[in-house]
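Working through the structure, step by step
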Amino acid sequence: MDLREKCAYCGDMTDMPFECNYCKDPFCSEHRLPEEHRCVKLTSIRAARFGQRKIIRDDDPNKPGFFKKIFGKFKG
Ligand SMILES: [Zn+2]
Ligand SMILES: [Zn+2]
């Protein structure tokens, strides 16, 4: 049986994936913290905290694709 999961951030296979409390995606031990995998939820939490005065530009090639739909919500 293979219970390994792919880290949603770096793509590494890990025997004991950590599930993010915020986005529920599996991550390796290196990227399990929201800050380490640029958690989509963390971004929205921070945006709310800063009064949405500025959203970080979505120009990071390492950023997972699912970031786009979150950023779309802030447009306009
Ligand atoms: Zn990772
Ligand atoms: Zn997360």
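Just so you know, these numbers come straight off a predicted model, no measurement behind them. (Residues numbered from 1 in each chain as written. Chains lettered and ligands numbered in written order. Predicted model: local features only at pLDDT ≥ 70, side-chain atom pairs only at ≥ 80, totals over all residues.)

1. Concerning the overall build of the chain
- Helices and strands together make up the secondary structure of the chain, namely two helices and four strands.
- In the chain, the order of α-helices and β-strands from amino to carboxyl end is β-β-β-β-α-α.
- Taking all 76 residues of the chain together, the buried fraction comes to 17%.
- Considering only residue pairs separated by 6 or more positions, the chain has 19% of its internal contacts joining residues 24 or more positions apart. (Helix = DSSP H or I, 4+ residues; strand = E, 2+ residues; numbered from the N terminus. Buried ≥ 20, exposed ≤ 12 C-beta atoms within 10 Å, placed from the backbone. Contact = placed C-beta atoms within 7 Å.)

2. Section: the environment of Pro-17
- Take Pro-17: it is sitting in the loop between β2 (13–14) and β3 (18–19).
- Sequence separation between Pro-17 and Arg-32 is 15 residues; the distance between their C-alpha atoms is 8.3 Å.
- Ignoring sequence-local partners within four residues, the contact set of Pro-17 consists of Glu-5, Pro-26 and Phe-27.

3. Focus: the environment of Asp-12
- Summarising the element assignment, Asp-12 is placed in the loop between β1 (5–6) and β2.
- Taking the C-alpha atoms as reference points, Asp-12 and Phe-27, separated by 15 residues in sequence, lie 8.5 Å from one another.

4. Some details on unusual backbone geometry
- Unusually for a residue other than glycine, Lys-24 sits at a positive phi of about 65 degrees.
- Within the element layout of this structure, Lys-24 appears in the loop between β3 and β4 (26–27).
- Look at Lys-24 and you get exposed, because 9 C-beta atoms sit within 10 Å.
- Even without being glycine, Arg-38 reaches a positive phi, approximately 50 degrees.
- With respect to the helices and strands, Arg-38 occurs in the loop between β4 and α1 (40–49).
- Given 17 C-beta atoms within a 10 Å radius, Arg-38 is considered partly exposed.

5. What to know about the confidence of the model for the chain
- With 62% of its residues at a pLDDT of 70 or more, the chain has an overall mean of 79.
- The lowest-confidence element of the chain is helix α2 (residues 67–74), averaging 64 in pLDDT; the highest-confidence one is β4, averaging 96. (pLDDT = per-residue confidence, 0-100.)

6. Brief notes about the environment of Arg-4
- With respect to the helices and strands, the residue Arg-4 is situated in the segment before β1.
- Sequence separation between Arg-4 and Thr-14 is 10 residues; the distance between their C-alpha atoms is 5.5 Å.
- For Arg-4, the residues in contact, after removing those within four places along its chain, are Met-13, Thr-14 and Asp-15.

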